[in-house]
Every structure is written in structure tokens, then in C-alpha cells.
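Observations on the three-dimensional arrangement
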Amino acid sequence: MTAMNPQFPFPAVSLCQPGGVKQVAQSLIQPKVTVSQLTVHYRMVQALQNVSLTIQPGRLTGIIGPNGAGKSTMLKAMLGLVPVMQGDVIYGDHPLADQLDRVAYVPQRSQIDWTYPATVWDVVMMGRVRKAGWFRRFSNVSRQVALSALDRVGMSEFRDRPIGQLSGGQQQRVFLARALAEEADIFCLDEPLTGIDQKTETVIFDILRELAQAEKTVIVVNHDLGEAITHFDDLILLNRELIACGDRQSVLRPENMHKGYGGMVNFFSTMAA
Amino acid sequence: MLQLLLEPLQYDFMQRSLIVAVLVGILCAVVGSYLMVQRLALLGDAISHSVMPGLAIAFAIEANIFIGAFIAGVLSTLLIALIHTRSPIKEDTAMGIVFSAFFALGITLITVIQKTNKVDLNHFLFGNILGVSWSDVISTVVIAAIVVVIIVLIFKELQFYTFDPVGAQAAGLPVNLLNFGLMILIALTIVASLKVVGVILVLALLVTPGATAYLLVTRLHWMMILGALLSVISSVSGMYLSYYFNLPSGPAVVLVSASFFTVAFLFSPQHGLLTHPQSGSALTPLWREVKGLLPWQRSRR
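About the cut-offs
Residues numbered from 1 in each chain as written. Chains lettered and ligands numbered in written order. Predicted model: local features only at pLDDT ≥ 70, side-chain atom pairs only at ≥ 80, totals over all residues. Heavy atoms only, no water. Helix = DSSP H or I, 4+ residues; strand = E, 2+ residues; numbered from the N terminus. Buried < 20%, exposed > 50% of the residue type's maximum accessible area, 1.4 Å probe, protein only. Rg over C-alpha atoms; globule rule 2.2 N^0.38 Å. Contact = heavy atoms within 4.5 Å. Areas by Shrake-Rupley, 256 points an atom, 1.4 Å probe, with all protein chains shown as cover. Buried area = accessible area lost by both parts, 1.4 Å probe. Salt bridge = Lys/Arg side-chain N within 4 Å of Asp/Glu carboxyl O. Polar contact = N/O pair within 3.5 Å; in protein donor to acceptor, adjacent residues only side chain to side chain. Nonpolar A, V, L, I, M, F, W, Y, C, P; charged D, E, K, R; others polar. 1 Å grid on protein atoms, 1.4 Å probe; cavity = no way out; pocket = protein on both sides within 12 Å on 5 of 7 lines; lining within 4 Å. Points joined across faces, edges and corners; volume = space filled by probe spheres on them. Axes fitted to C-alpha atoms, helices over the stretch in contact; angles between N-to-C directions. Parallel < 35°, antiparallel > 145°, perpendicular 65-115°, else oblique. Expected span 1.5 Å × (residues − 1). Pairing = 2+ DSSP bridges. Disulfide = S-S within 2.5 Å. pLDDT = per-residue confidence, 0-100. Phe/Tyr/Trp six-rings, centres within 6.5 Å; stacked < 30°, edge-to-face > 60°. Right-handed = clockwise from strand over helix to strand, strands pointing away.

Concerning the overall build of chain A
A count of helical and extended segments in chain A gives 11 helices and 10 strands. Taken over 273 residues, chain A has a buried fraction of 55%.

Structure representation (C-alpha cells):
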């Protein structure tokens, strides 16, 4: 397991929302995400069929499944980023898609044009655009938050570096810093472990673990079934429909993995034990 | 030397055209940077060709040609979006279909009205900057002010959206509105530029200064500022060249702008062809493959 850092990443900023003590008390009982009957079609192809589940705050939740199983689609559909045929995603009392200011989303690295003329700092500050509000400049608080987020992922010395000159792992850490700067309650990461170095993986799981300990909801789409999977508390196994969900041990049972991956991962049954 | 610079300014038409050229230069460099970073250079070309029928109709019914062109430009972007969201046709193909159809319609309409009204198709195609009136200058000032103020006001939102549209949407930004707003800004810019360079060469003003700046700086707002500066220099020197050597004004501006790009392409500290020779060997693999096809090379194997 990852070495855990007992300190919460940004006590000063993350818990000090306007509203003081009451707000803090509230944020300790975070609501869960309830997905019911979620169905998504891409043109003629069915991407997800009737997925119903709940995602608990305070736990690291991984979405796994074979290529084309609809993992990223599931994440995007939950946030209303792709058209949904039917189904609801509720957080607290309202649809999650109406509360995107409480969500921090990290897209797949391959979706991004890394030749875009921006520095590390520009990208992290994007995490403060919503908080800053329309027609306004970034406040000093926003700068502070962005700085400490950058510091937390170990990238502050790269502040002025163009994003195109970073390694894959560094790019991923910059995106994680952007997500942290959003001071969200729900963190959604789409394949953050693809093509990164060991150091970045450690940093990512350290931070995700801290977020979970602070009762945040953390959802990670994870492509490979390597050792990294042991970091997750709960798993959601998809293959165009929900195969299994719940705590890691129960999802990784051989019969589930057979159903999800079609017998391609026999060797994997040893892992479940 | 000073005499050389001041001489053209004694003419009223040169004053007007210089003002318009400078304003349009700034506007195009700033707005064109968005086209470039979104890989939408073709969209700039599409909108500029698509304004033709709007120009023609506005001319025929004696309405404001800026408004006619603007409506046609926005209509074309909506049509392109409709085709590519509601059918499996890709965006670039949709652009090709829509803009060539609009352009053809525009040419047809202008040819028809040419007989009754005294209009010159060439002025639409290549601009007629020496013919701008003071009211054209005022229209350009108003459009430039509106566009620049809007961009300054929503710069951070547009930067987020153009860099990472899905991330921006997930952060709760109204991305469809931002996209539509950007299209409107682009259409306004193109409409304001038509007098200077015409339909065919607008694209050069939109992408060349931004691309030149992109080779030299690393942040979007620097790219816009440096691009605007280069654009102003190109516009002014293009106008003077056209005055002294009797060259067509629009093409002269575009050629100066293109030579700036050439210099940056060759000597940029980060990306230059000559300053970084190892990255300039794009032709070598092609040459190797061609050599591999030659008969005496094959028989040797």
C-alpha cells in the first residue's frame, strides 16, 4: 500500500469555506452519488445499459473493465458531458449534472492538445475559473490555492514551463493540481495512470487517499489491472452493463472477472485472494 | 526619411485606410489566435467565403453590407454545426460543403446584380481598402472595440474552453454558449476585415500573425499581443509598399506578414528550422523511401 500522509492537503483553504463551523460540520457528512438505470447510446451503438449503483464518499472507487466497456462514458454520463438516453445521477438531493461546481474532472491525457500555448501555471489556474466568476480577475486567494496545489503535486518549480515540454507523468500531475485547485467534493479522474512514471503514481494515490480521508468522493477510471488496483477500496466492473460493484475483494472474484473480461484474465483470480 | 513616411498621410484616403488596416490587423491577430489553437483555421476560411451571398443581397437591397455579411457568416457556422452533429459527416467535410456552396451562391448573385448595380466582384474577392469611407472607419472602430472588450472580459473562460472543452464543460462552464460566442467574434472580425483584404485573403490575416507569434512565445495572451504587434507592422508597411510601388494593398499586407512568419520559422529560438536543424529533416525519410523504389537500389538487395 501507499505510504499515507496523515495531513490533509489544504486544511486552510479546503475547509474554510464561507459559513464557518456549520459548513465544516456539513462537509463531514458528504452525500453519496446514486446512479439509477443509466443508459447511453453513441449514435447507433449502445455504450452503457441500465447501470444502477451508489458511490460512497470517503472511499477510493475505481471503474474497471475491458476496452470499450464504457468506463469513460460512464464517468462522462454521470457528469452530463455526453447525452444520456435514460437514467438519473443524484448527488444529495439534486442531479449531479446541476452541481458541477462541486466536481473536479481530470480528462484523459490523450484528449488534450499539449502544443497549446500555455504554461503549467495557466493550466492550474483554469481550476479557479469557476470560483473566480465571470468578468473577474483571479483573486489572491485563488493564486494561493493554485500555488499550494502545485506544491502538493511537486510541480511548483515547473510553474512557468510550457506544458508541451513536460513528461507524461508531469502533465498528469499538473492536471491533478488543477483538480485540487477546484476545491471540489467529487473528484473524477479518467485514466490518470496511463503512461506515467512510478513517482507520479505514488503522488496520485497519496493525494487521492488524503481526499478520501477528508470524506471526498473519488472516482477513477482505471484501464489496467496491475498492482495499482490494490489502492482502491471499491470497484465498479463494467462491460457495457454493470457486472459487479462493491468492495474490491468481492468485485475481483473470478466469476465476476470471467463475466467482465470473457475469460481472458484467468490468471487474475489469484489476485482476488 | 520622415518625408517618406509623412507623404502618403497628406491624402485623406491613405489616413482612412491606414486606420482601418491597423485596427483590422489587431483584431485578426487576437481572434485568429483562437482559431489556431483550436485547429480551426479552415473554419476561418469557411466563414470568410460564406459571407459572399450576404454581401451580395445586402448590396442589392441597399442594406448595410456589414450586417448582411455577418448574418451569412453566422448562418454558415450554424449549418456546419448542424451537418456535423446530425450526420456521420466529419466537421472539415461539412465546412467544405457549406462554404463552397455559399461561395458559389455569392458569386452567382454578384454576377447577376453586377448588371444593374455598379459593383466589382474583385472588390469582394480582394478587398478595396483605398475605397473605405469615414463611415467604414467608424464601423470598424465599433466592431474592433466590441470584440476586444468581450475577449478581455471572458479571456479566462475562453482559454479554459479552447484548451480543454470537456474539462471546461465538467467545471460547469456554458461551453455551447462560449463556442457560439467565439463563432460570432470570428464572424464579426472577418466582416470587418473584408474591406482590407477581401474574402480570399482574410485567412492570412487571421492565422499568420498568430502562428508567427506562436513560434516565439509560450502563452496565449503573449501570442495575441505579439501577433497584434506584428500584424500592425505588416499592415502599415504593406500599405506604404503599396503606395510607393503601386502594388495591390491587401496582397502587400499579406506578403509582409508571410515574410515575418518565414523569418520566425527559420530563426525562432525554440522551433526554428535553422536554429534547430535536427527537427528540419522532414524530407529525409521521404527521400529514403523514394530511393528505395529506384530499380538499381532494389536489384542490389
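Description of the overall build of chain B
Counting secondary structure elements, chain B contains 15 helices and zero strands. A globule of 301 residues ought to have a C-alpha radius of gyration of about 19 Å, and chain B, at 21 Å, matches this closely. On the principal axes, the C-alpha backbone points of chain B span a range of 70 × 60 × 45 Å. Among the 301 residues that make up chain B, the fraction classed as buried is 47%. A separation threshold of at least 6 residues defines the contact pool for chain B, and within that pool the share at least 24 residues apart is 70%. With the model as given, the accessible surface of chain B reaches about 14,500 Å², and the carbon-plus-sulfur share is 71%.

Brief notes about the interface of chain B and chain A
Counting residues at the interface gives 30 residues for chain B, matched by 35 residues for chain A. Per-residue buried area on chain B facing chain A is highest for B:K156, B:F163 and B:A170; these three make up 26% of the total on that side. If you look at where chain B meets chain A, you find three salt bridges. Across the contact surface, chain B and chain A share 11 residue pairs in polar contact (both at pLDDT 80 or more). Those elements that place two or more of their residues in the side of chain B that touches chain A are α5 (65-86), α9 (155-163), α10 (165-170), α11 (175-214) and α12 (220-245) of chain B. Ranked by residue count, the leading element in the side of chain B that touches chain A is α9(B), at six residues. A class-by-class count of the residues in the side of chain B that touches chain A yields 15 nonpolar, 10 polar and five charged.

Considerations on the layout of surface pockets
Within this model, the largest pocket holds a volume of roughly 1,700 Å³. Going through the elements one at a time, β1 (33-42) of chain A together with α5, α9, α10 and α11 of chain B are the ones with two or more residues in the lining of the largest pocket. The element best represented in the lining of the largest pocket is α5(B), accounting for six residues. Within the lining of the largest pocket, the residues separate by chemical class into 24 nonpolar, 11 polar and seven charged. Roughly 780 Å³ of internal volume is contained in the second largest pocket. In terms of lining residues, the second largest pocket is bounded by 27 residues, among which A:R137, B:V152, B:F155, B:K156 and B:H221 are the most central.

Overview of the packing of helix α3 (residues 41-50) of chain B against α11(B)
All names here are of chain B. Relative orientation of the contacting elements α3 and α11 amounts to 80°, with a least axis distance of 8 Å. By the angle class used here, α3 and α11 are roughly perpendicular. Between α3 and α11, the residues in contact are A41, L43, G44, D45, I47, S48 and H49 and M183, I186, A187, I190, V199, I200, V202, L203, L206 and V207, respectively. Among the residues forming the contact of α3 with α11, the class breakdown is 13 nonpolar, three polar and one charged.

What about helix α7 (residues 168-181) of chain A?
All names here are of chain A. When the terminal C-alpha atoms of α7 are compared, their 20 Å separation across 14 residues agrees well with the 20 Å that a helix rising 1.5 Å per residue should span. Counting buried positions along α7 gives 14 out of 14 residues, so the element sits mostly inside the fold. Looking one or two residues beyond α7, the residue adopting positive phi is E183, at roughly 50°.

Structural notes on the sheet that holds strand β8 (residues 217-221) of chain A
Residues and elements named next belong to chain A. Pairing is mixed across the open sheet formed by six strands, whose spatial order is β6-β7-β8-β3-β9-β10. In this open sheet, the two edge strands, each paired with only one partner strand, are β6 (103-106) and β10 (242-247). Between one strand axis and the next, the sheet turns by 10° as a mean value, whatever way the strands run. Of the pairings in the sheet, the one linking strand β9 (residues 234-238) to β10 comprises five bridges and is antiparallel in character. Note on β10: the bridge partner recorded for L235 is G246.

Considerations on the state of the cysteines
All names here are of chain A. Under the definition given, this model contains zero disulfides over all chains. Of all cysteine sulfurs in the structure, the one in C245 sits closest to C188, which takes part in no disulfide; the separation is 16 Å. On the basis of relative accessible area, C188 is assigned to the buried category, the value being 0%.

Structural notes on the confidence of the model for chain A
Residue and element names in this part refer to chain A. Here chain A averages 86 in pLDDT, and 86% of its residues register 70 or above. Considering each helix and strand of chain A separately, the mean pLDDT is smallest for helix α1 (residues 11-14), with a value of 35, and largest for helix α4 (residues 120-126), with 97. Across residues 1-27, confidence stays below pLDDT 50; counting only partners more than four residues off in sequence or on other chains, it has 33 contacts.

Some words on the packing of aromatic side chains
Residues and elements named next belong to chain A. Under the counting rule described, the total for this entry stands at 11 aromatic pairs over all chains. Considering the side-chain rings of W114 and F175, the 5.2 Å spacing of their centres and the 45° angle between planes classify their relative orientation as tilted. You can see W114 sitting in the loop between β6 and α4 and its partner F175 sitting in helix α7, a full 61 residues away along the chain. The residues W114 and F175 share a single accessibility class, namely buried.

Re the pairing of strand β7 (residues 186-190) of chain A
Residue and element names in this part refer to chain A. Burial analysis of β7 places five of its five residues in the buried class, which makes it a mostly covered element. Judged by which residues are buried, β7 turns out to be covered on both faces: I186, C188 and D190 on one side and F187 and L189 on the other are all buried. Sheet analysis places β6 next to β7, joined by four bridges and oriented parallel. Within β7, the residue paired with V106 across the bridge is L189. As a crossover connection, the stretch from β7 through helix α8 (residues 198-213) into β8 is right-handed.

Quick notes on the pattern of salt bridges
Residue and element names in this part refer to chain A. Here the structure, examined in full by the defined rule, presents 13 salt bridges over all chains. Ionic pairing is found between R128 and E183, a salt bridge with its closest N-O pair at 2.8 Å. In this pair, R128 sits in the loop between α4 and α5 (129-132) while E183 sits in the loop between α7 and β7, placing the two residues 55 residues apart along the sequence. Overall, E183 belongs to the buried group, its relative accessible area being 16%.

Focus: the pairing of β8(A)
Residue and element names in this part refer to chain A. The buried fraction of β8 amounts to five of the five residues, a majority that puts the element mostly inside the structure. Residue alternation in β8 divides its side chains into two sets, T217, I219 and V221 and V218 and V220, and both sets are buried. Taken together, the four bridges between strand β3 (residues 60-64) and β8 define a ladder with parallel strand orientation. By the bridge assignment, L60 is partnered in β8 with V218. Bridge count for β7 against β8 is five bridges, and the pairing is parallel. Its bridge partner lying in β8, L189 is registered against V220.

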